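# Inside the fold
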Amino acid sequence: MCICVNCHWVNRCKTYHSVERQHGVKHLNPNPDFQGNNPSIHILLKEQNNADIEVEWDVRECSSFLEEKGKWLKLRPGEKLPS
Ligand code: SF4
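A short tour of the structure in this document, coming up. These figures come from a predicted structure and were not determined experimentally.

## What about the nonpolar core?
- Within the largest apolar cluster, eleven residues are counted, these being Cys2, Cys4, Val5, Cys7, Trp9, Val10, Cys13, Tyr16, Val19, Val59 and Cys62.
- With sequence-adjacent residues up to four places away left out, cysteine 2 is seen in contact with Val19, Asp58, Val59 and Pro82.

Listed below in structure tokens is the structure:
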């Protein structure tokens, strides 16, 4: 799970914007203006049944992480949390 979904900065963060782009999902904010310090991105390659490769990007550590539980869900109420 990407820690960004519980981070205060998620809707302003340039790194999370990149993660959204890699996942092909719509952006929380088209023009993020915050750059977190030292985000560490975990990349997982998953082979699908049809032999396609799915790539998952998750931020696992970040010096700028500021916990705000449920921040992503507050911005997208009722939507499925990105995995
Ligand atoms: S944890 Fe870091 S990369 Fe993720 S939203 Fe917060 S500041 Fe951005």
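## Description of the environment of lysine 80
- With respect to the helices and strands, the residue lysine 80 is situated in the segment after helix H2 (71-75).
- Separated by 53 residues in sequence, lysine 80 and histidine 27 have C-alpha atoms that sit 14 Å apart.

## Considerations on the site of the ligand
- Taken together, 14 residues lie around the ligand, and Cys4, Cys7, Cys13, Gly36 and Cys62 are the ones closest in.
- Taken together, the residues of the shell around the ligand sort by class into eleven nonpolar, three polar and no charged.

## Observations regarding the pairing of strand S2 (residues 53-61)
- The pairing of strand S1 (residues 40-47) with S2 spans eight bridges and is classified as antiparallel. Residue pairing across strands places isoleucine 41 opposite valine 59, the latter belonging to S2.
- Hairpin connection from S1 to S2: five residues lie between these consecutive antiparallel strands, with alanine 51 at a positive phi of about 75°.

What counts as what
Residues numbered from 1 in each chain as written. Predicted model: local features only at pLDDT ≥ 70, side-chain atom pairs only at ≥ 80, totals over all residues. Core = buried A, V, L, I, M, F, W, Y, C linked by C-beta atoms within 7 Å. Buried ≥ 20, exposed ≤ 12 C-beta atoms within 10 Å, placed from the backbone. Contact = placed C-beta atoms within 7 Å. Helix = DSSP H or I, 4+ residues; strand = E, 2+ residues; numbered from the N terminus. Near = placed C-beta within 6 Å. Nonpolar A, V, L, I, M, F, W, Y, C, P; charged D, E, K, R; others polar. Pairing = 2+ DSSP bridges.

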